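Observations on chain architecture
Letter by letter, the chains look like this.
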Amino acid sequence: MPSAETFKALLRVQDLTREFVSRRGLSTRHLVAVDRANLTISADQHEILTIAGESGSGKTTLARMMLGLVEPTSGHMLFKDRDVSHITGGANRKWFRRQVQPVFQDPFATFNPLRRIDSYLYETVGNYGVAPRKTADEPIERALNAVGLSLREVKGRYPSELSGGQLQRVSIARALITDPSLLVADEPVSMLDASLRMSVVNLFRELKARQSVIYITHDLATAYYASDRVAIMLRGWIVELGPVQKVLGEPKHPYTQLLKTSVLEPDPRQKSTERVSLAASDEGSFVRVGCRFADRCPHVMDICRSVEPPDVPVDGRLVKCHLYESQSSTEEAAEAAAPLVASAT
Amino acid sequence: MIAPPATPVTNVAEVRDLRAYYVTETSNVQRTVRAVDGISLQIQEGEVYGIAGESGCGKSTLLKVLLGMVTPPLSIVGGSVHYRVDDRDVDILALSESERRAMRWSVVSYIPQGSMHVLNPVRKIRDTFRDFIAAHKPSWVRQTDEHVRGYLNDLGLPERVLGAYPHHLSGGMRQRVTIALATILSPRLILADEPTTALDVVVQRGVIQLLEDIRARTRSTLVLVTHDMGVHANLANRVLVLYAGQVMEEADTLTLFEQPLHPYTQYLINSLPKLDERAERVSIPGRPPALDHAPSGCRFHPRCPYAMEVCKTVVPPLMEVRPGHRVACHLVNPPNGSAAHAVG
């Protein structure tokens, strides 16, 4: 897609933080769902970036901030060099929403069962002024073709008449109508069967020709299969970030290593007998000083319980861990954090 | 690695030609969903028996019948389910509700799907355990708390969950508490319905460890229903593959994964990505059929890349191709008189 605009990065997330406060009586609890996240998506080359982590790691909050659905508590988010961290309304918001489109988790919950599927597509055309009503079929047909469907197949149908995989495709087609430069898909396949799952993941690989995709999942196998880079999240932190072959191929952070050994490979000969340690408590680790993985880490050192680990560049990726601290240099750090193509900083 | 049960093999459960349909009637239009249509299987003492297939293939219905939970609109149209309990043969479908209730949890137990929602949200875990034991094991009532604490310790679960409400616990911990609840009376046969679905990878691993520990401790038999072939590969001794209410293939886990004969099994296994490769994976075309209008002949033929004329009309019989390996496919068992192409 040729573009007249020039910008340094498609999306640049700087120290993005979101804190949730809950009050019960006189006591107040703070929960930092996303803690100073840094990410850049290159303007020069499309990519699929996976954000992976267990539930409660903050991956959905980060995605909702990137979509402009949740406002960050602090930090910045630049989209095509425009600050969109506190986008409130008007033309700016419309522009941003056209550029960044969501795909949600549960296709059965996305669509009202009593509304025809195509009405959502026409509505999106109208909302964003993509085309006048008379010629609305054209962008819809184009979007549906991109996901392997046609308007004839969905026109007048209700959600119950389509399978989960087809519904998720319609949901993706809806997101494509505005011709966005970024899709943010939050667990798009977790509600689908293994067989349908692959058809949706394969679709993302095809869509990379048109735009970048942020793919949020806890399924490491599809993440490895589909994405170019991966960010592993733990308790609000990005603990490892880099090319997927590096991060999931030879993980460096002890948490990523735990994730990898936990994957149940569909191969009876690779049956793993290693026992994994599970989190004992869920809340404490958000507020503790030092490393949030210290309680479960097999390599824990004294420093881990008192000092927050820095982001250390190791073998082409960033790792937030004290284990690798001595081997770092600042230039390497900048290089490891860079998107696929070295960005023009 | 669990060794296969010692010979001679005893079957704890035997299902013969079971047919269980959902029959509904709306404004005089009768609709019959053939969720389980002619399934036969044997579950051996001490094994982990996996049941695989996509959603809507009849897995959960089969489990319901195994438990004897047959309530309208589900009805048994044919076949039988027999258990072997203390060397007695029990026909579960012939039992009265109270006899079935007496068997449930202490002989046959059930770990339900979506355990997020099975614990009472307004009762502490301790009270849920107390209610459960009062209802199903009155002889324990005086020492309920000791039994519960002891069992949680055995399973490596923290005792303090007893004082918590379900919403205080993470999804994985709730699932493990549910498993503890379902197995505290040392049942001989445990039926687990999608026990790891919707859990994170690390927690999944933890749940699998727990199920293995329980099985090793009590030497019970586990029936594991899940669509996740990764779980079967890691836990099951034998796997049954269901499609549209019928058995497609059954074999020991290694054979099933390494020499799957049915095209559907091949798809199920080959469509999964592995962590060490990025080669393109093909997904199964189409989707499972609606079971009120199941396809004629082999039910997989509309999606099968090797479908032949005969597949559209003749139901392939389930044949044993070698000991312990059953397949229902015309490619593997060519029907008389017609020359079949071999699977490539």
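No experiment lies behind these values; they were computed from the predicted model shown.

1. Side note on the overall build of chain B
- Helices and strands together make up the secondary structure of chain B, namely 10 helices and 12 strands.
- The globule rule puts the C-alpha radius of gyration for 344 residues at 20 Å, and the 21 Å found for chain B is close to it.
- Summarising its shape, the C-alpha atoms of chain B cover approximately 70 × 50 × 50 Å along the three principal directions.
- Among the 344 residues that make up chain B, the fraction classed as buried is 55%.
- On chain B, the mean spot of the 36 positive side-chain charges and the mean spot of the 35 negative ones are 4 Å from each other.

2. Details of the sheet that holds strand E2 (residues 29–44) of chain B
All names here are of chain B.
- Here 4 strands make up an open sheet; going across it, the order is E2-E1-E4-E5 and the pairing antiparallel. Edge strands, defined here as strands with exactly one partner in the open sheet, are E2 and strand E5 (88–91). Geometrically, the sheet is characterised by an average inter-axis angle of 15 degrees between neighbouring strands, direction not taken into account.
- By the bridge criterion, 8 bridges tie strand E1 (residues 11–26) to strand E4 (residues 74–85) in an arrangement that is antiparallel. Bridging from a neighbouring strand, Tyr21 pairs with Ser75 of E4.
- The strands that helix H1 (residues 59–67) touches are E1, E2 and E4; relative to E4, the one it contacts most, it runs at about 55 degrees.

3. Notes on the interface of chain A and chain B
- Counting residues at the interface gives 50 residues for chain A and 44 residues for chain B.
- For the pair chain A and chain B, the two sides together bury roughly 4,300 Å², of which 54% comes from carbon and sulfur.
- Scanning the region where chain A abuts chain B turns up 1 salt bridge.
- Linking chain A to chain B there are 3 residue pairs in polar contact (both at pLDDT 80 or more).
- Among the elements of the structure, helix H8 (194–207), helix H9 (220–226), helix H10 (244–247) and helix H11 (254–262) of chain A are those that each provide at least two residues to the side of chain A that touches chain B.
- A class-by-class count of the residues in the side of chain A that touches chain B yields 19 nonpolar, 16 polar and 15 charged.

4. Some details on the nonpolar core
- Ranked by internal contacts, the top residues of the largest apolar core, which has 107 residues, are Tyr83, Met103, Phe129, Ile184 and Leu191 of chain B.
- Each residue touching Tyr83 of chain B, except ones within four places of it in the same chain, is listed here: Val12, Ala13, Leu66, Leu67, Arg88, Asp89, Val90, Ile92, Met103, Val108 and Leu189 of chain B.
- Ile117, Tyr122, Val147 and Leu192 of chain A belong to the second-largest nonpolar core, a separate cluster that totals 41 residues.

5. Thoughts on the packing of helix H3 (residues 125–136) of chain B against helix H4 (residues 144–155) of chain B
Residues and elements named next belong to chain B.
- One can describe the packing of H3 onto H4 by two numbers: an axis separation of 10 Å at closest approach and a directional angle of 115 degrees. Here H3 and H4 pass one another in a crossing that is right-handed. Between H3 and H4, the contacting residues are Arg126, Phe129, Arg130 and Ile133 on the first element and Thr144, Asp145, Val148 and Leu152 on the second.
- For the contact of H3 with H4, the class distribution of residues is 4 nonpolar, 1 polar and 3 charged.

6. Focus on the pairing of strand E1 (residues 9–24) of chain A
Residue and element names in this part refer to chain A.
- Both E1 and strand E2 (residues 27–42) contribute to a ladder of 12 bridges, which runs antiparallel. Following the sheet pairing, Ser22 is matched in E2 by Arg29.
- Where E1 folds back onto E2 in an antiparallel hairpin, the turn is made up of 2 residues, including Gly25, whose phi is positive at roughly 60 degrees.

7. Things to note about the packing of aromatic side chains
- On inspection of all chains with the given rule, the structure shows 9 aromatic pairs over all chains.
- Seen from their ring centres, Phe79 of chain A and Trp95 of chain A are 5.8 Å apart, and the 70 degrees between their planes marks the pair as edge-to-face. Of the two residues, Phe79 of chain A sits in strand E4 (residues 74–79) while Trp95 of chain A sits in helix H2 (residues 90–99), which places them 16 residues apart along the sequence. For the residue pair Phe79 of chain A and Trp95 of chain A, the accessibility class agrees, reading buried in each case.
- Ring geometry for Tyr243 of chain B versus Tyr264 of chain B: centroids 4.6 Å apart, planes at 55 degrees, classification tilted. Separated by 21 residues along the polypeptide, Tyr243 of chain B in strand E9 (residues 238–243) and Tyr264 of chain B in helix H9 (residues 263–270) bring together distant segments of the chain.
- Taken together, the ring pairs connect Phe79, Trp95 and Phe96 of chain A into an aromatic cluster.
- In this arrangement the basic side chain of Arg115 of chain A is found over the ring face of Tyr120 of chain A, its NZ or CZ atom lying 4.0 Å from the centre.
- Sitting over the ring of Tyr225 of chain A, Arg205 of chain A keeps its end group 4.2 Å from the ring centre.

8. Topic: the pattern of salt bridges
- Counting across every chain of the model gives 36 salt bridges over all chains.
- Residues Lys320 of chain A and Glu308 of chain A are paired through a salt bridge, measuring 3.0 Å at the closest nitrogen-oxygen approach. Residue Lys320 of chain A is located in strand E12 (residues 317–320), and its partner Glu308 of chain A is located in the loop between helix H12 (284–287) and strand E11 (311–314); the two are separated by 12 residues in the primary sequence.
- A salt bridge links Asp154 of chain B to Arg217 of chain B, with the shortest nitrogen-to-oxygen separation between them at 3.0 Å. Of the two residues, Asp154 of chain B is situated in helix H4 and Arg217 of chain B in helix H6 (residues 201–218); the sequence distance between them amounts to 63 residues.
- When salt bridges with common partners are traced through the structure, they connect Asp35, Arg36, Arg292, Glu308 and Lys320 of chain A into a single cluster.

9. A short note on H4 of chain B
Residues and elements named next belong to chain B.
- Between its first and last C-alpha, H4 extends 17 Å over 12 residues, near the 16 Å set by a 1.5 Å rise per residue.
- For H4, the set of buried residues is Thr144, Val148, Tyr151, Leu152 and Leu155. Looking straight down H4, one finds that the buried residues subtend no more than 100 degrees of arc, so they occupy a single side.
- Looking at the buried residues of H4, the elements they touch are H3, helix H5 (171–183) and H6.
- Count one or two residues on from H4 and you reach Gly156, which has phi positive near 75 degrees.

10. Observations concerning the side chain of Glu187 of chain A
- In this fold, Glu187 of chain A is placed in the loop between strand E7 (182–186) and H8.
- Residues within four places of Glu187 of chain A in sequence aside, it is in contact with Lys59, Gln105, Ile216, Thr217 and His218 of chain A.

11. A word on the side chain of Glu265 of chain A
- By the secondary structure assignment, Glu265 of chain A is in the loop between H11 and H12.
- Given the relative accessible area of 10%, Glu265 of chain A is considered buried.
- In this structure Glu265 of chain A touches Gln270 of chain A together with Gly230, Ala233, Asn234, Lys274 and Leu275 of chain B, once residues within four positions along its chain are discounted.

12. With respect to unusual backbone geometry
Residue and element names in this part refer to chain B.
- Backbone torsion omega between Pro72 and Pro73 reads 5 degrees, so that peptide bond is classified as cis.
- Looking at the element boundaries, Pro73 is found in the loop between H1 and E4.
- Even without glycine at this site, Trp105 takes up a positive phi of about 75 degrees.
- Take Trp105: its relative accessible area is 18%, and that puts it in the buried class.
- The backbone of Ala244 shows a phi angle near 50 degrees, a positive value even though the residue is not glycine.
- Topologically, Ala244 is positioned in the loop between E9 and strand E10 (246–252).

Conventions and cut-offs
- Residues numbered from 1 in each chain as written.
- Chains lettered and ligands numbered in written order.
- Predicted model: local features only at pLDDT ≥ 70, side-chain atom pairs only at ≥ 80, totals over all residues.
- Heavy atoms only, no water.
- Helix = DSSP H or I, 4+ residues; strand = E, 2+ residues; numbered from the N terminus.
- Rg over C-alpha atoms; globule rule 2.2 N^0.38 Å.
- Buried < 20%, exposed > 50% of the residue type's maximum accessible area, 1.4 Å probe, protein only.
- Lys, Arg positive; Asp, Glu negative; His and termini not counted.
- Charge placed at Lys NZ, Arg CZ, Asp CG, Glu CD.
- Pairing = 2+ DSSP bridges.
- Axes fitted to C-alpha atoms, helices over the stretch in contact; angles between N-to-C directions.
- Contact = heavy atoms within 4.5 Å.
- Buried area = accessible area lost by both parts, 1.4 Å probe.
- Salt bridge = Lys/Arg side-chain N within 4 Å of Asp/Glu carboxyl O.
- Polar contact = N/O pair within 3.5 Å; in protein donor to acceptor, adjacent residues only side chain to side chain.
- Nonpolar A, V, L, I, M, F, W, Y, C, P; charged D, E, K, R; others polar.
- Core = buried A, V, L, I, M, F, W, Y, C linked by side-chain atoms within 4.5 Å.
- Left-handed = near helix turned anticlockwise from the far one by under 90°.
- Phe/Tyr/Trp six-rings, centres within 6.5 Å; stacked < 30°, edge-to-face > 60°.
- Lys NZ or Arg CZ within 6 Å of the ring centre and 35° of its normal.
- Expected span 1.5 Å × (residues − 1).
- Arc of directions from axis to C-beta.

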